[in-house]
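# A closer look at the structure
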Amino acid sequence: MLVAALLVTAGAGALASRLELRTNVAELLPSQDPAVIELERLGRSLDATAVLQIAIESPDRAANLRLADDLTRELRKLPRDRLSSAAYEVRDERAFFETHRWLYAPLADLEALRDSLESERNRRKSPLYVDLETHAPPRELLDEARRRASKLDQFPTGYFEGDAGTIVAIVCRPPGGLFAERAGEKLAADARRLIAAAHPERYHPQMKVGLTGDVMAQLDERQALESDLVWATGVCVTLVCLVVVLFFGRVRALLFVGLPALIGVSLAFACAELAFGYLNASTAFLGSIVIGNGINFPIIQLARYEEERRAGHEPELACRRALSFTLRPTAIAALGAALAYGSLTVTRFRGFRQFGVIGGVGMVAAWLASVLVLPALLARFDRRQSATLRRFGWPGPSPAALIGRAATGAPRMCLALFALLTVVSILPIRHYLRDPFEYDFRNLRNRRSLESGAAALAPRVDRIFGLTLTPSVVLADRRAHTDEIRRLILERDRRLPGRPLIGQVTTFEDFLPGDAATQARKLAVLADLRRLVDSLGPRPQDGVGRKDLALASDEDRTLAADLRPPDDLRAITDADLPATIRRPFTELDGTLGRIVLVYHGADVSVWDGHNLQRIAELIGELPLSDGTIVRSSGHAVVFAAMIRSIVHDAPRATLASLLGVALLVLLLTGGRGAALVLAVLAAGVVWMLGTAAWLGVRTNFLNFIALPITFGIGVDYGINIYLRARGERDLVQVLRTTGGAVALCSLTTIIGYAALLVADNQALGSFGAMAILGEIACLAAALVGLPALLSVRRKTT
């Protein structure tokens, strides 16, 4: 049996070692939600929108620009599978628009300038000319147009710089799909290597170079998750080993309870490899959770075995008796936990369905290992004589025994306290459940990144650009729809209550001077302008004489130079625009112009979930005039989909868990016993929710699963105490023995959850906190409420 167990564990471990970690939020999403379907469509059609920003800071602007130029040249040497584009300036783009500035002027402005100039020419030709319309002077019109244009010039120096040049940014875009896993990871590594090789201190002694942007935010979260995974598992294993040794009084107990738990974890992750092939941000930490929960079954069995051995039974008989006495309660506990995990499979979240499958398999596997492998371990390695057996349990007076004496000595007082706690817990729950969600996304990120990583640097870089470089994306069915989509989004933004959220909606057409007909009209007006300027005086600087009137003053010559459009102006086509302008609007298959980029306002916080929900209302689904429905996706739409799914799935998962556990307890304990066990369990869950409400613990996309899981794991304590008490009259003895083992089981489970509290990822920490509340509440209800109820029932019968 032991050889078979070791072979199974080794094989399962080999399978589990092939698992990869995927931290992309798409892995958690409900697969059939419209937002997810659109997300996947965008991923197949669009290149990555995430950016890597390299921030260069020093008091010397010239030194900053030199390093930016040198780094950009080196970055552009990287292969195409590492870098799509890199830029720290837009001088070429500015030169293009400066050369073609006449075509980008509004048609109405060009017509006003033409009419003003024509009026000026007629006035000069004839002093008796009277214009019945009032025209602003040409110089005034030209200056006003330049003032309006300067307001739109985001980078007047041509560089991505801020704070008078003391910070300069390089914007890099990695290749890959819109939501590709590990997008930009190799690019970030290359950027660090190139920065180190450039020796920034040689450019200026105070120069600092940092990385930020969406690429770094995602990588920081991933690295923090990987670090947390190792740290949390290590903390969990260390503390579980410590309490097991303290309780049983010998190190060998680690082998007896550890191997079944290890088998459960190995088989759970082997199942994950076979069924899914990867772990996501929620399932990655199941190792510590399965260890903390799965070790409960061998603990209960080993505790009963130790009791039988101290009673004088030989190892074989003690093992048989321990197994016979604990088989039913541990089976109920294991199946209850498996049902609780399995209840997550009714949710629409892929990540949580996977969580349910892996956790359920881990519970069943750990229980089977306890039943099959633990007896073999005891038979092979427990050679103690009865005379050498030491007392096991907690050092000093047993806390469980003390609680038992109080519960049985003053049961009615304990029940009054029990009822009071339940009422106090119920009071805030109704208000809490109206809106329990966490809307501050900063409370769901890793702490280190917020304090010193990419997120800390981002605000200084964001001020350079004025708005985010990673907008929400709408992909139209046809290019002709993009202008209507923009109008509809902006109209919705104006109609919604509250301040406007949308800062800018950009389409490819914004970078063209108009459609073919508009450009033709502009070119005709510009031809009129050239004719009028030429009629007023010589062409400036070209040596060509004039047939008509010659301007005498230098001011008039300068005005003529400013007013005369170039001779070679022609209509601008898509292909004429710089590649850097076309790239954000080009799909992977080369289709151009169907992409609409929606930027939130500069003062709108994307960490506020309320803002994201409102943005999702604006862009999630757009009905167009021809009957076409255009859908969008992105962070805002995905967040709204998560909230919808939690509202839809949390009651279903909780009800499925409760019904499954209730049916299981009813089948294995009978009606009256089931009522007692379930009443205590329900009270524990109410205490958990009430405490969360009083403490202000908010529900997020991860910790909401703590509620259905608590039903399955919390029933373990009550069912073990009830089944042991059913065969014994001495409730204090029951709590001293089984109660102590139950307390140890709860402690190991709490340790599994508490290991998540050391994580920098605050979402995982919130899950650990919520689950710990459930553990403490259910254990307290089982140790206090159930003995008191049993004591009162026995006294009245």
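What comes next is a walk through the structure. Every value quoted in this text rests on a predicted model; they were computed, and no experiment measured them.

It is worth spelling out the overall build of the protein chain at this point. Within the protein chain one finds 28 helices and twelve strands. Going through the 797 residues of the protein chain one by one, you find that 54% of them count as buried. Once local pairs closer than 6 in sequence are excluded, the contacts in the protein chain between residues at least 24 apart make up 82%. Accessible surface computed for the protein chain: about 34,800 Å², of which carbon and sulfur atoms make up 59%.

Attention shifts here to the pairing of strand E8 (residues 472–475). Judged by which residues are buried, E8 turns out to be covered on both faces: Ser472 and Val474 on one side and Val473 and Leu475 on the other are all buried. Two elements, E8 and strand E10 (residues 595–600), share four bridges in a ladder whose sense is antiparallel. Paired with Val473 across the strands is Leu597, a residue of E10. By the bridge criterion, two bridges tie E8 to strand E12 (residues 629–633) in an arrangement that is antiparallel. Directly across from Val474, in E12, lies its bridge partner Ser632.

Moving on to the pattern of salt bridges. Within the structure shown, the criterion is met by 33 salt bridges. Put simply, Arg250 and Glu306 hold a salt bridge, and the shortest N to O gap is 3.1 Å. Here the residue Arg250 occupies a position in the loop between helix H9 (214–248) and helix H10 (253–275), and Glu306 occupies one in helix H12 (residues 296–310), the gap between them amounting to 56 residues. In this structure Glu306 comes out as buried when scored by relative accessible area, which is 3%. Put simply, Glu307 and Arg724 hold a salt bridge, and the shortest N to O gap is 2.9 Å. Taken together, the residues span a long stretch of sequence, with Glu307 in helix H12 and Arg724 in helix H26 (residues 706–726) at a distance of 417 residues.

Here we come to the nonpolar core. Ranked by internal contacts, the top residues of the largest apolar core, which has 156 residues, are Phe248, Tyr341, Phe355, Ile485, Ile489, Tyr753 and Phe767. If one sorts the elements of this core by residue count, helix H28 (residues 762–796) sits on top with 15 residues. Apart from the residues lying within four places of it in its own chain, the contact partners of Ile489 are Val474, Ile502, Val505, Val598, Leu618, Ile619 and Leu622. Within the second largest apolar cluster, 31 residues are counted, among which are Ile54, Leu75, Cys172 and Ala454.

A few words on the packing of helix H25 (residues 671–695) against H26. Look at H25 against H26: their axes get within 9 Å of each other, and the N-to-C directions meet at 135°. Classified by the angle their axes make, H25 and H26 are oblique. The chirality of how H25 crosses H26 is right-handed. Residues Gly673, Leu676, Val677, Leu681, Val685, Met688 and Leu689 of H25 lie in contact with H26, whose contacting residues are Ala706, Leu707, Thr710, Phe711, Gly714, Val715, Gly718, Ile719 and Tyr722. Residue classes in the contact of H25 with H26 are distributed as twelve nonpolar, four polar and no charged.

This next bit is on the pairing of E12. In this sheet, E12 lies alongside strand E11 (residues 621–623) in antiparallel orientation, the contact comprising three bridges. By the bridge assignment for E12, Pro623 is matched with Ile629.

This part covers the packing of H12 against helix H13 (residues 315–342). It is at 8 Å that the axes of H12 and H13 come closest, and there the two elements cross at 150°. Relative to H13, H12 is oriented so that their crossing is right-handed. Residues Phe297, Ile300, Gln301, Arg304, Tyr305, Glu308 and Arg309 of H12 form the contact with H13, whose participating residues are Pro315, Ala318, Cys319, Arg321, Ala322, Leu323, Phe325, Thr326, Thr330, Ala333 and Ala334.

Scanning the model with the defined rule gives 13 aromatic pairs in all. Taking 5.9 Å as the distance between ring centres and 70° as the angle between the ring planes, the aromatic pair formed by Phe155 and Phe465 counts as edge-to-face. In this pair, Phe155 sits in the loop between helix H7 (138–151) and strand E4 (161–162) while Phe465 sits in helix H18 (residues 454–465), placing the two residues 310 residues apart along the sequence. Note on accessibility: Phe155 and Phe465 belong to one class, buried. With centroids separated by 5.9 Å and ring planes inclined at 85°, the aromatic side chains of Tyr753 and Phe767 adopt a geometry described as edge-to-face. Highlighted residues: Tyr753 in helix H27 (residues 731–754) and Phe767 in helix H28, separated in sequence by 14 residues. Here the two residues Tyr753 and Phe767 agree in accessibility, since each one is buried. Here a set of aromatic residues connected by ring pairs shows up, and it is made of Tyr341, Phe355, Tyr753 and Phe767.

Turning next to a nonpolar patch on the surface. Taken together, the side chains of Leu417, Leu420, Leu421, Val423, Val424, Leu427, Trp694 and Leu695 define a hydrophobic patch exposed on the protein surface, amounting to about 820 Å² of accessible area. Among the elements of the structure, helix H16 (411–434) and H25 are those that each provide at least two residues to the nonpolar patch. Per element, the largest residue contribution to the nonpolar patch is six residues, and it comes from H16. Topologically, Trp694 is positioned in helix H25.

On to the sheet that holds strand E9 (residues 502–506), then. Pairing within the open sheet is antiparallel, and its five strands lie in the order E9-E10-E8-E12-E11. Of all the strands in the sheet, just E9 and E11 have a single pairing partner and so form its edges. Each adjacent strand pair in this sheet contributes to an overall mean axis angle of 20°, direction not counted. Pairing analysis gives four bridges linking E9 to E10, with the strands arranged antiparallel. Counted as the bridge partner of Val505 is Val598 from E10. On top of the sheet, helix H2 (residues 34–45) reaches E8 and E12; it is set at about 80° to E12, its chief contact. Contacting E8, E9, E10, E11 and E12, helix H23 (residues 609–619) runs over the sheet at an angle of about 30° to E11.

The next point concerns H23. Counted residue by residue, H23 has eight buried out of eleven residues, so it is predominantly covered. Of the positions making up H23, those classed as buried are Gly609, Asn611, Leu612, Arg614, Ile615, Ala616, Leu618 and Ile619.

A word on the environment of Ala480. Examined against the element boundaries, Ala480 turns out to sit in the loop between E8 and helix H19 (482–495). Accessibility expressed as a relative area gives 64% for Ala480, which makes it exposed. Sequence separation between Ala480 and Glu509 is 29 residues, and the spatial gap between their C-alpha atoms is 9.8 Å.

Think of an α-helix as 3.6 residues a turn; residues three or four steps apart then line up on the same face. Over its 15 residues, H12 runs 21 Å from end to end, which matches the ideal 21 Å to within 8%, given 1.5 Å per residue. Backbone geometry just after H12 places Gly312 at a positive phi near 105°.

Cut-off values and rules
- Residues numbered from 1 in each chain as written.
- Predicted model: local features only at pLDDT ≥ 70, side-chain atom pairs only at ≥ 80, totals over all residues.
- Heavy atoms only, no water.
- Helix = DSSP H or I, 4+ residues; strand = E, 2+ residues; numbered from the N terminus.
- Buried < 20%, exposed > 50% of the residue type's maximum accessible area, 1.4 Å probe, protein only.
- Contact = heavy atoms within 4.5 Å.
- Areas by Shrake-Rupley, 256 points an atom, 1.4 Å probe, with all protein chains shown as cover.
- Pairing = 2+ DSSP bridges.
- Salt bridge = Lys/Arg side-chain N within 4 Å of Asp/Glu carboxyl O.
- Core = buried A, V, L, I, M, F, W, Y, C linked by side-chain atoms within 4.5 Å.
- Axes fitted to C-alpha atoms, helices over the stretch in contact; angles between N-to-C directions.
- Parallel < 35°, antiparallel > 145°, perpendicular 65-115°, else oblique.
- Left-handed = near helix turned anticlockwise from the far one by under 90°.
- Nonpolar A, V, L, I, M, F, W, Y, C, P; charged D, E, K, R; others polar.
- Phe/Tyr/Trp six-rings, centres within 6.5 Å; stacked < 30°, edge-to-face > 60°.
- Patch = residues over 30% accessible without salt bridge, like charges linked within 9 Å, V, L, I, M, F, W, Y side chains within 5 Å.
- Expected span 1.5 Å × (residues − 1).

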